[in-house]
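# Coordinate inspection notes
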Amino acid sequence: MKTQIFLLFFLMTFLGCKNESNSSSKEKNTDVKQNEFAIIIHGGAGTILKKNMSDEKEAAYKAKLAEAIKVGHTILKNGGTSQEAVVKTIQVMEKSPLFNAGKGAVFTNSGTNELDASFMDGNTLNAGAVAGVKDVKSPIELAVKVMTDSDHVMLSGDGASIFAKEKGLEIVDPSYFYTERRFKSLQRIIEKEKTELDHDDKTAAFYDSDIKNSKFGTVGCVALDKNGNIAAGTSTGGMTNKRWGRIGDAPIIGSGTYANNLTCGVSSTGWGEYFIRSQVAYDISAQMEYQQKTLKEATTDVIHNKLTKLGGTGGVVALDKNGNMSFEFNTAGMYRASMNDKGQLVVKIYKE
């Protein structure tokens, strides 16, 4: 009897050690460095369907995404910082009328352009953001300046512009942000509002699908450099027809942007009110830190479970400390691209 008990104890101990060994091995496998450096970007998410996209327009978006990400990738390849890669990459998209950021920003109800942006450094957890800026050419550059040259995290409106001027950033006439395409979008939405009011429709036009989808052109970037530092940034013109100084998730640290060297970096795009309520970007990092989830597991849960159940639409691009990358969205499409340390370029638009 004693012999049987001893053998049973020995067997259980052996199996326990084996399982512990397998578990440890599994954990090590998930913690392997996949890329020495990497970069991932988005140009917005929404009802982006192949049937509604001309070949010329599709080619234009893909070309600009490729151009932007190659700028950041070159910086990383040459030993540059993740901060520089994120800023320079986003600036390419801010200068393009294709995206709802910088030059291509959408119009508010009063016919103006109000720009938001944020940046976070995963090494120090320092961050900077701006909201409601009307005359600063590169909002992402200003967000970084708030981080590096002030005691604050977020500046808004006229105060942010004054700060930009004091720091020598490029100031432009507000007309710089005018594009015919965005202005016509505003007119169509205003006209639709009038039609609904004429028919005594009590459903607010603010929640019309056209309005929801018209602000999904937000741009963002996350980069991991050779020193292991992660940086994330987001820039946007907000929501077409927005009123009352509305601010979405893009300049909110933890909602539109988050970076932490211990976990990952995230940039969001979507219906901002839901991303703010869900703290989407931070939630992904938190699940990785406190629940030991992989990047893919965390982004999938936050976007397809939590955000979707709440009624929110949009997506994220994310990159973890080991160079793993994730595109996750619950819309029909998302303008997106990635490049790893081997120079492999991925550019996509539609849901697969």
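Everything here concerns the structure above.
Here's a quick rundown of the structure.

### A word on the nonpolar core
Grouped together as the largest cluster of nonpolar side chains are 45 residues, with contacts concentrated most on Ile41, Phe119 and Leu142. Ranked by size, the runner-up nonpolar core spans 32 residues in total, among them Ala45, Tyr258, Met288 and Val317.

### Quick word on the environment of Ser235
Tracing the backbone shows Ser235 in strand S6 (residues 230-236). Each C-alpha atom of the pair Ser235 and Ser267 lies 9.5 Å from the other, and the pair is 32 residues apart in sequence.

### Regarding the sheet that holds strand S1 (residues 38-46)
Taken in spatial order, the eight strands line up as S4-S3-S2-S6-S5-S1-S11-S12 in an open sheet, and their pairing is mixed. This sheet does not close on itself; its edge strands, each paired only once, are strand S4 (154-156) and strand S12 (345-350). Between one strand axis and the next, the sheet turns through 5° on average, direction left out of account. Bridge analysis of strand S5 (residues 219-224) against S6 gives six bridges, and the strand direction is antiparallel. What sits directly across from Ala223, in S6, is Ala231. Helix H4 (residues 139-149) contacts strand S2 (115-121), strand S3 (127-133), S4 and S6 of the sheet and is inclined by roughly 50° relative to S2. In the packing of helix H5 (residues 157-166) onto the sheet, contacts are made with S3 and S4, and the angle to S4 comes to roughly 105°.

### Some details on the side chain of Asn340
Examined against the element boundaries, Asn340 turns out to sit in the loop between strand S11 (333-339) and S12. Of the polar contacts made by the side chain of Asn340, one reaches the side chain of Gln344; its length is 2.5 Å. Once residues within four sequence positions are removed from consideration, Asn340 is found in contact with Asn35, Phe37, Ala38, His73 and Met325.

### Regarding the packing of aromatic side chains
Tallied over the entire structure, the rule returns nine aromatic pairs. Geometrically, the ring pair formed by Phe107 and Tyr178 is edge-to-face, given 5.6 Å between the ring centres and 75° between the ring planes. Separated by 71 residues along the polypeptide, Phe107 in the loop between helix H3 (82-94) and S2 and Tyr178 in the loop between H5 and helix H6 (180-198) bring together distant segments of the chain. Taken together, a centroid distance of 5.4 Å and an interplanar angle of 75° make the contact between Phe107 and Phe183 edge-to-face. Here the residue Phe107 occupies a position in the loop between H3 and S2, and Phe183 occupies one in helix H6, the gap between them amounting to 76 residues.

Conventions we followed
Along each chain, the written sequence defines residue order, and numbers are assigned to residues from 1. The predicted nature of this model means local features are confined to residues of pLDDT at least 70 and side-chain atom pairs, given and counted, to a pLDDT of 80 or more, with totals for whole chains, interfaces and linings taken over all residues. To obtain the side-chain values, all non-hydrogen atoms of the structure were used and water was disregarded. Buried residues of nine kinds, namely Ala, Val, Leu, Ile, Met, Phe, Trp, Tyr and Cys, make up a nonpolar core once their side-chain atoms join them within 4.5 Å. Remark: exposure states derive from per-residue accessible area (1.4 Å probe, protein chains only) relative to the maximum for the residue type, with buried under 20%, exposed over 50%, and partly exposed in between. Secondary structure elements are defined from DSSP: runs of H or I of at least 4 residues count as helices, runs of E of at least 2 residues count as strands, and each element is numbered from the N terminus. For two strands to count as paired, DSSP must find a minimum of two bridges between them. Axes, fitted as lines to C-alpha atoms, cover a helix only where it is in contact. Angles between the N-to-C directions of the axes lie from 0 to 180 degrees. Pairs of residues are marked as contacts when any of their non-hydrogen atoms sit within 4.5 Å. Two N or O atoms count as a polar contact when they lie within 3.5 Å, although within protein this holds only if one can serve as hydrogen donor and the other as acceptor, and sequence-adjacent residues are included solely when both atoms are side-chain atoms. What counts as a ring pair is set by centres within 6.5 Å for rings of Phe, Tyr and Trp (its six-membered ring), and what kind of pair is set by the plane angle: stacked under 30 degrees, edge-to-face over 60, tilted for all other angles.

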